[in-house]
Amino acid sequence: MINFSNLSINPATAQIIRTAVEANRLPHAVILEGGSESDRLTLARRLAQALLCRGEAPPCGECADCRKVLRGFHPDLTECLAQPGDTESLKVDSIRQIRADASIYPNEANRRVFLLHNMQLSNEAAQNALLKILEEPPVYVRFLLTCPSATALLPTILSRACVYNLGQQIETRSDEANEAIHETARQIARALGAPNEYDLMAVTGAFEKDYALLPPVLTQLQLTVRDALSVKSGAGQLPLLSACSGEAAALARRFTVRQLLEFAAIATEMQAAVNGNANRNLLITRLCSRLSAAAGK
Ligand SMILES: [Zn+2]
């Protein structure tokens, strides 16, 4: 069974991954983004173990395959660990080599796994070379890619893979980025109280241009709604943690507890959908229509 110990990973993502592993249904190409670099690599190795393990409830951690992955030399696992400044890994030649290796049947396990760490360091030619095999991989081949943000990869690669977001690293964001997140969350909160749905459509439409903004804004929206619920419950004397305290107070005045709970549920559900790599435009449209309906528009 896969474990997430010592990993900082958002619980919704962990649950999605656990379900996929238990059902033996990990997609043939997985992209791990968000979180820290070491967590992405550790999780990728645990997934490699799950894919190669031939024990009960993979990864069992005890079979020969699991132990070989842990020791770092399983014949059916190829790790390509690029580091910033590394000029050779993940170049078009090494991807061509991977393509050649992928055509060789696994030596020991039932699968052949390629772990490409720091894919954001690969250039367009390398990504296009990788795309060729992602489009028609041999049935036993699995890819595990890591990168800080999947937006660094070609859309054609993204369309062939499943993106799992480990979570935002808030400390690495600039003040400017944080302000953009807070401002967008404030705009959504104000739009919820607007008489029609046009304001909400305009604000959520901005995610079509900047999709990376959506997950942290959803988190901020959850905090704002939580603050509104705390105001509503009379616990308003507690310090409001959200950067949107004015909007939280306005939400508390304008909406019922049931509506506020519904907003929070929608934000949580959409967060899980983002992590599950749902279709972006559909998700943005659904976010807008669900919030509108919950707000009684
Ligand atoms: Zn095992």
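Rules used in this analysis
- Residues numbered from 1 in each chain as written.
- Predicted model: local features only at pLDDT ≥ 70, side-chain atom pairs only at ≥ 80, totals over all residues.
- Pairing = 2+ DSSP bridges.
- Helix = DSSP H or I, 4+ residues; strand = E, 2+ residues; numbered from the N terminus.
- Axes fitted to C-alpha atoms, helices over the stretch in contact; angles between N-to-C directions.
- Buried ≥ 20, exposed ≤ 12 C-beta atoms within 10 Å, placed from the backbone.
- Expected span 1.5 Å × (residues − 1).
- Core = buried A, V, L, I, M, F, W, Y, C linked by C-beta atoms within 7 Å.
- Contact = placed C-beta atoms within 7 Å.
- Right-handed = clockwise from strand over helix to strand, strands pointing away.
- Domains from an automatic or database assignment.

Undergrad: Help me out: how do you make sense of the sheet that holds strand β1 (residues 29-33) in this one?
TA: Whenever strands of a sheet pair, they do so through backbone hydrogen bonds, lying parallel or antiparallel. Spatially, the five strands line up as an open sheet ordered β2-β3-β4-β1-β5, and their pairing is parallel. Only two strands of the sheet have a single neighbouring strand rather than two, namely β2 (77-81) and β5 (162-165). Each neighbouring strand pair of the sheet contributes to a mean axis angle of 15°, computed without reference to strand direction. Here strand β3 (residues 112-117) pairs with strand β4 (residues 141-146) via five bridges, running parallel. Across the sheet, the residue bridging to arginine 112 is valine 141, located in β4.

Undergrad: Would you mind going over unusual backbone geometry with me for this structure?
TA: In most cases, non-glycine residues show a negative phi, while peptide bonds are predominantly trans. For the bond running from proline 58 to proline 59, omega is -10°, close enough to zero to count as cis. Tracing the backbone shows proline 59 in the loop between α2 (37-52) and α3 (64-71). The backbone of asparagine 24 shows a phi angle near 55°, a positive value even though the residue is not glycine. Structurally, asparagine 24 is set in the loop between α1 (11-22) and β1. The phi dihedral of alanine 57 falls on the positive side, at around 45°, and the residue is not glycine. Within the fold, alanine 57 resides in the loop between α2 and α3. When the 12 C-beta atoms within 10 Å are taken as the criterion, alanine 57 is described as exposed.

Undergrad: Looking at this model, I keep getting lost on helix α7 (residues 175-192). Mind explaining?
TA: In an α-helix, one turn spans 3.6 residues, which is why side chains three or four residues apart end up on the same side. Relative to the 26 Å expected for 18 residues at 1.5 Å per residue, α7 spans 26 Å between its end C-alpha atoms, a close match to the ideal helical length. When we look at burial in α7, the residues that qualify are Ile181, Thr184, Ala185, Arg186, Ile188, Ala189, Ala191 and Leu192.

Undergrad: What exactly am I supposed to notice about the nonpolar core here?
TA: Considering soluble globular proteins, one finds that nonpolar side chains tend to be buried as a cluster. Within the largest apolar cluster, 44 residues are counted, with the highest numbers of intra-cluster contacts made by Val30, Ala48, Leu115 and Leu144. Broken down by element, this core gets its largest block of residues, seven residues, from α2. Excluding anything up to four places from it in sequence, alanine 48 contacts Val69, Leu77, Val113, Leu115 and Leu144. By size, the runner-up hydrophobic cluster in this structure holds 30 residues, among which are Ala189, Leu260, Phe263 and Leu287.

Undergrad: Would you mind going over the pairing of β3 with me for this structure?
TA: For a regular strand, side chains alternate in direction, first toward one face of the sheet and then toward the other. The buried count for β3 comes to six of six residues, which makes it a mostly enclosed element. Covered by surrounding structure in β3 are Arg112, Phe114 and Leu116 together with Val113, Leu115 and His117, the residues of both alternating faces. Pairing of β2 with β3, which is carried by five bridges, proceeds in the parallel orientation. What sits directly across from leucine 81, in β3, is histidine 117. Of the crossover connections in this fold, the one passing from β3 over helix α5 (residues 124-135) to the parallel β4 is right-handed.

Undergrad: Got a minute to help me understand the domain arrangement of the protein in this structure?
TA: One widely used convention gives an interface's size as the accessible area the parts lose upon coming together. Once the domains are mapped, the protein shows domain 1 (11-170) and domain 2 (174-294). Inter-centroid distance (C-alpha atoms) of domain 1 to domain 2 is 33 Å. Elements with a minimum of two residues in the side of domain 1 that touches domain 2: α1 and β5. Per-element tally for the side of domain 1 that touches domain 2: the top contributor is β5, with four residues.

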